[in-house]
Amino acid sequence: QVQLVESGGGSVQAGGSLRLSCAASGYTYSSYCMGWFRQAPGKEREGVATFNGLGSLWYADSVKGRFTISRDNAKNTLYLQMNSLKPEDTAMYYCAARSSVYCSLSASSYNIWGQGTQVTVSS
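Just so you know, these numbers come straight off a predicted model, no measurement behind them.

Undergrad: Tell me about the nonpolar core, residues and numbers included.
TA: Buried together is how nonpolar side chains tend to be arranged in soluble globular proteins. In this structure, Trp36, Leu80, Met82 and Tyr93 are the most contacted members of the largest nonpolar core, which totals 28 residues. Elements supplying a minimum of two residues to this core: strand 3 (18-25), strand 4 (33-39), strand 5 (46-51), strand 7 (67-72), strand 8 (77-82), strand 9 (91-98) and strand 11 (117-122).

Undergrad: Give a detailed account of the side chain of Asp89, specifying residues and quantitative values.
TA: Mapping Asp89 onto the fold places it in the loop between strand 8 and strand 9. Look at Asp89 and you get buried, because its relative accessible area is 1%. Apart from the residues lying within four places of it in its own chain, the contact partners of Asp89 are Arg38, Arg66, Phe67, Ser84, Val119 and Val121.

Undergrad: How would you sum up the packing of aromatic side chains? Please name residues and give values.
TA: A full pass over the atoms with the stated rule returns four aromatic pairs. Consider the rings of Phe37 and Tyr110, whose centres lie 4.9 Å apart with planes at 70°: the pair is edge-to-face. With a gap of 73 residues between them, Phe37 in strand 4 and Tyr110 in the loop between strand 9 and strand 10 (112-113) connect regions that are remote in the sequence. Of the residues examined, Tyr110 reaches a relative accessible area of 4% and is grouped as buried. Aromatic side chains Phe37 and Trp113 sit 5.1 Å apart centroid to centroid with 55° between the ring planes, which places their arrangement in the tilted category.

Rules used throughout
- Residues numbered from 1 in each chain as written.
- Predicted model: local features only at pLDDT ≥ 70, side-chain atom pairs only at ≥ 80, totals over all residues.
- Heavy atoms only, no water.
- Core = buried A, V, L, I, M, F, W, Y, C linked by side-chain atoms within 4.5 Å.
- Buried < 20%, exposed > 50% of the residue type's maximum accessible area, 1.4 Å probe, protein only.
- Helix = DSSP H or I, 4+ residues; strand = E, 2+ residues; numbered from the N terminus.
- Contact = heavy atoms within 4.5 Å.
- Phe/Tyr/Trp six-rings, centres within 6.5 Å; stacked < 30°, edge-to-face > 60°.

This is how it looks when you write it as structure tokens:
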């Protein structure tokens, strides 16, 4: 029953915006670390942004100033607002969670994953 479902991906031209959503069900994740990861073909999965159970945020240097992570505990949903998108942002984006109040940069430490949503940014 525990699952994460991403939505909001799509194709956009460089400089455009998208908002990704991750709906959680089957558990209460208000105290969990939640994060967004992305993976482009042939590349390793990398952390994009995290939101820990105490409200602390982290962003990868490559997206600072452009992306904003947020969570709505009432709606049990995690968001990623992506502005000023660049072609290098093209990837499959995944939301993830782990049963800890604290986050980790390591994807291997997250035990709950969504199915992914594709983001394609054209030049």
